[in-house]
Every structure is written in structure tokens, then in C-alpha cells.
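Tertiary structure, described
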Amino acid sequence: QVQLVESGGGLVQPGESLRLSCAASGIVFSFSTMEWHRQVPGKQRELVAGITSGGSTNYADSVKGRFTISRDNAKNMVYLQMNSLKPEDAAVYYCKAKRYPLYWGQGTQVTVSS
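First, a word on what this report is: a plain description of the structure on this page.

Basis of the calculations
- Residues numbered from 1 in each chain as written.
- Predicted model: local features only at pLDDT ≥ 70, side-chain atom pairs only at ≥ 80, totals over all residues.
- Heavy atoms only, no water.
- Disulfide = S-S within 2.5 Å.
- Helix = DSSP H or I, 4+ residues; strand = E, 2+ residues; numbered from the N terminus.
- Buried < 20%, exposed > 50% of the residue type's maximum accessible area, 1.4 Å probe, protein only.
- Pairing = 2+ DSSP bridges.
- Axes fitted to C-alpha atoms, helices over the stretch in contact; angles between N-to-C directions.

Overview of the state of the cysteines
Enumeration according to the criterion identifies one disulfide in this entry. Paired by a disulfide, C22 and C95 hold their sulfur atoms 1.9 Å apart. Sign of the S-S torsion, about 40° for the bond between C22 and C95, identifies this disulfide as right-handed. Of this pair, C22 sits in strand β3 (residues 18-25) while C95 sits in strand β9 (residues 91-97), and the two are 73 residues apart along the sequence. The class for C95 is buried, based on a relative accessible area of 0%.

Quick look at the structure:
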């Protein structure tokens, strides 16, 4: 009964910000590295950001300095703050628990357009 539910996506103009949320259940959240991935239709899904159980973070070069991943273990939530959004950031964003590789959320659509 692993559940990963993303939310917070939407349509924004370049330079604007969005905050994505992922609610996790059915997993040992506090011990799992959590990640955000994104996928454009017809392209491979790519890792955007990750955060370990200890709070260590890593980012794709394309988003470094603009995106911030965080987690709230008490709420079983992981977040992705996306600032200075660019058209190339447009994608469906998915959260993932690294310890549960077979399970993905439904994704949340981020569209960046003038």
C-alpha cells in the first residue's frame, strides 16, 4: 500500500516560482532517501533532486541554485521549491522513495510558458 501523491504543479510564467509537495504513506519514510524526478513526453525521466534521511541533498546541474528539496519526517512529506522557473523546467514531476523503486506517484504537471 505504498502511496506517493504529488501536488502543487500548475502553469506559471518564466521567472516565477512553484512549491511541489509529495505525501508519502506505506513506507518507512524517515529512513528513505527521497527524490524528485521529472519527465517530458517522449523523453527519459530524469533525476532532479534527492535528499537523504540525514538531510544531505543533491541536484541536477540544470536546477542547482534554483531548486531546493526538503523533507518533514513528522509529516511524511517531501517538498521541492522551484524558483526562477524556465521553460525547460516544464515537465511532469514525480516523487520517489529510493528504497521502494517500484512505486511512483501520479505526478504533477508543471508548465512554464509566457
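Next, the rest of the story.
A short note on the sheet that holds strand β1 (residues 3-7)
Here four strands make up an open sheet; going across it, the order is β1-β3-β8-β7 and the pairing antiparallel. At either margin of the open sheet sits one strand with a lone partner, and together these are β1 and β7 (67-72). Within the sheet, the average angular offset between the axes of one strand and its neighbour, ignoring direction, is 15°. Where β7 and strand β8 (residues 77-82) come together, six bridges link them in antiparallel fashion. Note on β8: the bridge partner recorded for F67 is M82.

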